[in-house]
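# Analysis of the macromolecular model
So you can see what is in the structure, the chains are spelled out below.
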Amino acid sequence: MKKYIIKIAKKNELLYRIAKRFYRSIRPAAPAYYRNYDYNIAYEMEEENQLSLILDHYAKVKKTNTRLLILWKGNPLCLHRLMREHPFILFLSIDYYERYHQKLMVNHLIFADYQQDIPSVLRLI
């Protein structure tokens, strides 16, 4: 009997829409957890002139599954200007996290320094 009703509902567009809405009201779709498998390569920065050095170092490390993350410590007005000028870079303020006692919730984080060689972990990803 159930199969017969489903066949009739599938043939009629109006009945099919009503059945679909009724089914979703009884059994809502489960929320999907979004997983991002990108690695964030993080650099600490305090002055603007360090950005060009960081970008040069990141160009050597860059892969398809990596993103640039800069942890800024200093003037927030300068940070906001940098965010507008470089929309492809993710900027986070260390001062904000310290002031409001927040935790840095970033997955797949690799710290790097533009003055040192490429971390050996990056060769493995």
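Okay, so let's go over this structure. (Residues numbered from 1 in each chain as written. Predicted model: local features only at pLDDT ≥ 70, side-chain atom pairs only at ≥ 80, totals over all residues. Heavy atoms only, no water.)

### Observations concerning unusual backbone geometry
Positive phi is not limited to glycine here, since His101 has a value of about 55 degrees. Along the chain, the position of His101 falls in the loop between helix H5 (94–99) and strand E4 (109–111). Of the residues examined, His101 reaches a relative accessible area of 72% and is grouped as exposed. (Helix = DSSP H or I, 4+ residues; strand = E, 2+ residues; numbered from the N terminus. Buried < 20%, exposed > 50% of the residue type's maximum accessible area, 1.4 Å probe, protein only.)

### A short note on the side chain of Ser93
Assignment of secondary structure puts Ser93 in strand E3 (residues 90–93). At 3.5 Å, the side chain of Ser93 and the backbone nitrogen of Asp95 are in polar contact. Separated by 3.3 Å, the side chain of Ser93 and the backbone nitrogen of Tyr96 make a polar contact. Excluding residues that lie within four positions of it along the chain, Ser93 makes contacts with Trp72 and Leu79. (Polar contact = N/O pair within 3.5 Å; in protein donor to acceptor, adjacent residues only side chain to side chain. Contact = heavy atoms within 4.5 Å.)

### Observations concerning the pattern of salt bridges
Under the defined criterion, the tally for this structure stands at four salt bridges. The partner of Glu13 in a salt bridge is Arg17, with the nearest N and O atoms 2.5 Å apart. Of the two residues, Glu13 and Arg17 both sit in helix H2 (residues 13–26), four residues apart, roughly one turn of that helix. With a relative accessible area of 51%, Glu13 lands in the exposed category. Residue Arg81 is joined to Glu85 by a salt bridge in which the shortest nitrogen-to-oxygen separation is 3.1 Å. On the criterion of helical spacing, the pair formed by Arg81 and Glu85 is a turn pair, its members being four residues apart in helix H4 (residues 76–85). According to the relative accessible area criterion, Glu85 is partly exposed, its value standing at 46%. When salt bridges with common partners are traced through the structure, they connect Glu48, Arg81 and Glu85 into a single cluster. (Salt bridge = Lys/Arg side-chain N within 4 Å of Asp/Glu carboxyl O.)

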